[in-house]
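Here is how the chains run, residue by residue.
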Amino acid sequence: MRTSIATVSVSGTLTEKLAAVAAAGFDGVEIFENDLLACPLPPEEIRARAADLGLTIELYQPFRDFECVPRARLRANLERAEHKFRLMERLGADLLLVCSNVSQETIADDGLAAEHLRLLAERAAEHGIRIAYEALAWGRHVNEYMHAWHIVRQADHPNLGTCLDSFHILSRGSDPLGIEAIPGEKIFFLQLADAPLLAMDVLQWSRHHRCFPGQGGFDVAGLVRHALNAGYTGPLSLEVFNDHFRQAGTARTARDGMRSLIALERQLHGAVHPSVPAGFAFAELSGTGSLGGVLPALGFTRTGRHRGKPVELWSQGAARLLVNEAGAGQGPGLLAIGLDSPDPGRAVEHAESLLSPVLPRERAPEDAMLHAVAAPDGTEIFFCDDGWLADFPPEDGSSSEDGSPRGGGSPSAGGSPGHGGGGITHIDHVALAQPPHYFDEAMLFYRGVLGLQPQESLEVPDPYGLVRSRAMSTPSTPSTPQGTGEGPGVRMVLNLAQVGAGQPPPQHVALACTDVLAVARRLRAEHPELLLPIPANYYDDLEARHDVPPELRELGVLYDRDERGAFLHLYTVTVGRVFFELVQRVDGYDGYGAVNAPIRLAAQHAAP
Ligand code: MG
Ligand code: MG
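Residues numbered from 1 in each chain as written. Chains lettered and ligands numbered in written order. Predicted model: local features only at pLDDT ≥ 70, side-chain atom pairs only at ≥ 80, totals over all residues. Heavy atoms only, no water.

Counting its regular elements, the protein chain contains 17 helices and 23 strands. Dimensions of the protein chain along its principal axes, counting C-alpha atoms only, are 90 × 60 × 40 Å. Out of the 608 residues belonging to the protein chain, those deemed buried represent 57%. Sequence-distant contacts in the protein chain: of pairs separated by 6 or more residues, those separated by 24 or more amount to 75%. Surface accessibility of the protein chain: about 23500 Å² in total, with carbon and sulfur atoms responsible for 51%. Distance between charge centroids for the protein chain: 4 Å, based on 50 positive and 76 negative side chains. (Helix = DSSP H or I, 4+ residues; strand = E, 2+ residues; numbered from the N terminus. Buried < 20%, exposed > 50% of the residue type's maximum accessible area, 1.4 Å probe, protein only. Contact = heavy atoms within 4.5 Å. Areas by Shrake-Rupley, 256 points an atom, 1.4 Å probe, with all protein chains shown as cover. Lys, Arg positive; Asp, Glu negative; His and termini not counted. Charge placed at Lys NZ, Arg CZ, Asp CG, Glu CD.)

Now for the pairing of strand β7 (residues 187-192). Buried residues dominate β7, accounting for 6 of its 6 residues. Direction of pairing for strand β6 (residues 160-165) relative to β7: parallel, over a ladder of 4 bridges. Paired with Thr 162 across the bridge in β7 is Ile 187. Pairing of β7 with strand β8 (residues 236-238), which is carried by 3 bridges, proceeds in the parallel orientation. Opposite Gln 191, over in β8, you have Ser 237 as the bridge partner. (Pairing = 2+ DSSP bridges.)

If a probe as big as a water molecule is rolled over the atoms, it shows which places are left empty. Scanning the entire structure with this criterion turns up 4 cavities of 30 Å³ or more. Approximately 220 Å³ is the volume found for the largest cavity. As for the largest cavity, its lining consists of 20 residues, and the residues nearest its centre are Ser 469, Val 493, Asn 495, Ala 597 and Arg 600. Listing elements by their share of the lining of the largest cavity, those giving two or more residues are β16 (424-433), β17 (453-462), β18 (465-473), β19 (491-499) and α17 (597-606). For the lining of the largest cavity, the residue count by class is 13 nonpolar, 4 polar and 3 charged. (1 Å grid on protein atoms, 1.4 Å probe; cavity = no way out; pocket = protein on both sides within 12 Å on 5 of 7 lines; lining within 4 Å. Points joined across faces, edges and corners; volume = space filled by probe spheres on them. Nonpolar A, V, L, I, M, F, W, Y, C, P; charged D, E, K, R; others polar.)

Enumeration over the complete set of coordinates arrives at 13 aromatic pairs. Taken together, a centroid distance of 6.0 Å and an interplanar angle of 40 degrees make the contact between Phe 63 and Phe 66 tilted. Judged by its relative accessible area of 1%, Phe 63 is buried. Given the relative accessible area of 0%, Phe 66 is considered buried. Each ring, one from Tyr 538 and one from Tyr 539, has its centre 4.9 Å from the other, and the planes form 85 degrees; the classification is edge-to-face. Residue class for Tyr 538 comes out buried when judged on its relative accessible area of 6%. Taking relative accessible area as the criterion, Tyr 539 reaches 2% and is therefore assigned buried. In this structure an aromatic cluster arises from ring pairing among Phe 282, Phe 382, Trp 388 and Phe 392. Residue placement shows Arg 130 over the ring face of Phe 188; its charged tip is 4.3 Å from the ring centre. Just above the ring of Tyr 438 sits the side chain of Arg 252; from NZ or CZ to the centre is 3.5 Å. (Phe/Tyr/Trp six-rings, centres within 6.5 Å; stacked < 30°, edge-to-face > 60°. Lys NZ or Arg CZ within 6 Å of the ring centre and 35° of its normal.)

Attention now goes to the sheet that holds strand β21 (residues 558-561). Spatially, β17-β18-β19-β16-β20-β23-β22-β21 is the arrangement adopted by the 8 strands of the open sheet, whose pairing is mixed. Because the sheet does not close on itself, it has two edges, and the strands there are β17 and β21. With direction set aside, neighbouring strand axes in the sheet form an average angle of 25 degrees. In the sheet, β21 pairs with strand β22 (residues 566-571) via 4 bridges, with the strands oriented antiparallel. Bridge pairing in β22 places Leu 558 opposite His 569. Contacts between α17 and the sheet are confined to β17, β18, β20 (507-513), β21, β22 and β23 (578-586), with β17 contributing the most and set at about 50 degrees to the helix. (Axes fitted to C-alpha atoms, helices over the stretch in contact; angles between N-to-C directions.)

What follows concerns the sheet that holds strand β13 (residues 333-340). As summarised here, the arrangement of the 7 strands in space is β10-β11-β12-β9-β13-β15-β14, forming an open sheet in which the pairing is mixed. A strand with exactly one partner marks an edge of an open sheet, and here the two such strands are β10 (301-305) and β14 (371-374). Neighbouring strand axes in the sheet, compared pairwise and without regard to direction, differ in orientation by 25 degrees on average. Sheet topology places β14 next to strand β15 (residues 380-384); 4 bridges connect them, and they run antiparallel. Note that in β15 the partner of His 371 across the bridge is Phe 383.

What follows covers the coordination of the magnesium ion (ligand 2). Those protein atoms acting as donors to the magnesium ion (ligand 2) are His 429 (NE2), His 508 (NE2) and Glu 581 (OE), and they sit at 2.1 to 2.3 Å. Each donor residue of the magnesium ion (ligand 2) belongs to the same chain, and together they define the spacing H-x78-H-x72-E. Here His 429 is found in strand β16, whereas its partner Glu 581 is found in strand β23, with 152 residues between them in sequence. Note on Glu 581: relative accessible area 1%, which makes it buried. (Donors = N, O, S within 2.8 Å, 3.2 Å for Na, K, Ca; no water.)

Distances from the magnesium ion (ligand 1) to its protein donors, namely Glu 134 (OE), Asp 165 (OD), Gln 191 (OE1) and Glu 239 (OE), fall within the range 2.1 to 2.3 Å. Expressed as a motif, the donor residue spacing for the magnesium ion (ligand 1) is E-x30-D-x25-Q-x47-E. Placement of the pair is Asp 165 in strand β6 and Gln 191 in strand β7, with a sequence separation of 26 residues. For Gln 191, a relative accessible area of 0% corresponds to the buried category.

Relative to each other, helix α10 (residues 250-268) and helix α13 (residues 439-448) sit at 35 degrees, their axes nearing to 11 Å. For the pair α10 and α13, the crossing hand works out as left-handed. Seen from α10, the contacting residues are Arg 252, Asp 256, Arg 259 and Ser 260; seen from α13, they are Glu 441, Leu 444 and Phe 445. (Left-handed = near helix turned anticlockwise from the far one by under 90°.)

Let us look at the layout of surface pockets. There is about 870 Å³ of room inside the largest pocket. Lining the largest pocket are 39 residues, with Gln 503, Pro 504, Pro 505, Pro 506 and Gln 507 sitting closest to its centre. Elements with a contribution of two residues or more to the lining of the largest pocket: β13, β18, β19 and α17. Class assignment for the residues of the lining of the largest pocket results in 23 nonpolar, 12 polar and 4 charged.

Glancing now at the packing of helix α1 (residues 14-23) against α10. Following both chains from N to C, one finds α1 and α10 inclined at 40 degrees, their axes separated by 8 Å at the closest point. One finds that α1 runs oblique with respect to α10. As for the relative orientation of α1 and α10, their crossing is right-handed in sense. Here Glu 16, Lys 17, Ala 20 and Val 21 of α1 come into contact with α10, specifically with Thr 250, Ala 251 and Ala 254. Among the residues making up the contact of α1 with α10, the classes are represented as 4 nonpolar, 1 polar and 2 charged. (Parallel < 35°, antiparallel > 145°, perpendicular 65-115°, else oblique.)

Here it is, written out as C-alpha cells:
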C-alpha cells in the first residue's frame, strides 16, 4: 500500500520535514497549512522539492468551519475556498481536507450541510480538485464518521468523498465495522493515528497524545482492515499530533512512523513474529570484577571469562550476568541484554526489516556468531542461541576474587545457588530508563521487534517528580515461571522521568528466586549494607491491608497481590546507575509490584 504522513507529525521546518519523510521511505505527504504558511518558499518550489524527493503531495489540510453557516458567511467561505484551490494548483495538490464545523454558530441541518458541500465540490471540480470531508470527534454537529458519510452521500457529487481518521473514530468508541458500508471509491483518504487510552477531553487528547499505530491502545489495524474490505485504495497516511514528537529528531520520528506502518501492514497480513524470545540469556553490565562484591553477596559465582574481551560471566541458576570493563569508568550500568532466541538470524533480520540498526560486531574467528540490534534507548539487544556460552570458558582451578566458591560445571545447571538457600533461578525482568521524547518509539520497538506485548502503564510518583512506567512481556509468559520447560519468557519495564527529569530513573535487573525471605535473611545477616531500607510506615500500612508475616518488616521485603497471587520482593541499594531486585512470584502473580515503586523511589532518594 502507498504510505504517507502529515507534515504536522514530525518536528522541523517544512523543507526539513520533506527531506526526512522522503528519507524514511514514504511515498507521499499531507501538507499541513501552518507548515506551508511558515515556509519562505513559494508553493511552486515546495512542489518541485517534493517531486525531486519522489514524494507525492497527497492532500492539503485543513479547511475549517465551512459548512452549515448562514448565507452571508457561506459566500465568504466559498471565496476563502477559491483562494485555497488556487494555492493547491500552485502546490500540485488535488485533494483538500475539510473538517466538520466546530463553530457555535453552526446550523444543525444535514440537508444544508450537503447543499454547502455540494457547492464546494462543484467549485473544486473546476480546479480539478476533490474534497474529503472528515468528522472531527469534537465537531459541533457532525462528529461521527457515519454522519459525515451520510452527508457526503446526500450531497452526491463525484468530487466529494469522505476522509476517515482512526483517532476521530476510535476515540469516540464508534464501531469501525460501519466503514464497510461506505463504497471504497467514496473514501477519499484514510488517516491513521493511535493513542493511549485516556479519560480526558477529546480535543486535548487528540492534539497532544496521538501516536503512531502500535504505540497506543487502539485497534488501528482492525480499522484499516474494514477500510480495505470497503475497497479503499488510497494511501495509509499518518496524522499525529504529539508533544514529544514535536521535540524529537525529525528524521528519527519519520523513521519511527515508517516502522509503525511496516508493522501495521504485517499485522494486516496476519504475520506472526518469527522469533519471540523464550527468556533472558544474560544481562550485561558495565563495571569491574564482582561489582564491588555485590554479585557474590547475591549468591553469584564467576563461571567464566570471555576469551578475548575484558568481560566476566557471573552465574546463578539460569541467571547470567556479564560484567564488562568497557564503560566501567561511568560506574555500573546496563549495557546490553541477551535474549534466548529460537532463531537469532531470523530475529535480527526481522529487527532490520523494522528499521532497527543492526550492530556490527568485532569478533574473533572462533567466537560465536552474535546477532544484535540497538534499541531506541541505546541498549544493545542480542539474540542468542546456546553458542555464546562457549565464548566464556571456565577458568580452571581458580576461584572468584571474593573467595566465594566457583560454581562447578555448566552455568545452566540451574537451581543451585552459590551459597544459602532460596537462590536465584533466572532473570525475571529488566527495567530500562528511557530518554525523553522517545518513549513511544521504544514501546513500538519492543513490541514489533521483540514481540513483547504491552502490559500495565502507570505514572509513579517520585518525591521530586513523576515516572512514567510501561511493562511489556512475551505473550507466552507462563503464570508460574518455574519448571514449565518453555522458558520463563521476557518481561521488561520501560521507565521515563516524566516530570522532574533531573536524572534518568535508575535501571534495574530483577532476579527471580524460589524463596526471597531466605535470601533476605542471608543478606540481612551477611550484607545488611546492600539492602535498601524501607520505612516502618510502609509496613504499618501493609499489615493493615494484608495478612503478611511480620518478618517482612524485619527483612525489608515488600509485598503485593493481584487477582492471581502474591509478589514478594526486595531491592538492593543502587550501584552506579543500576540496582538489583529480588522477586518471588507466588501462584502466578503477573505484575511488577508497581504499588511499591513510590516507596522504593523515595527510599532511593533517601539512601546515601
Ligand atoms: Mg484527521
Ligand atoms: Mg521491578
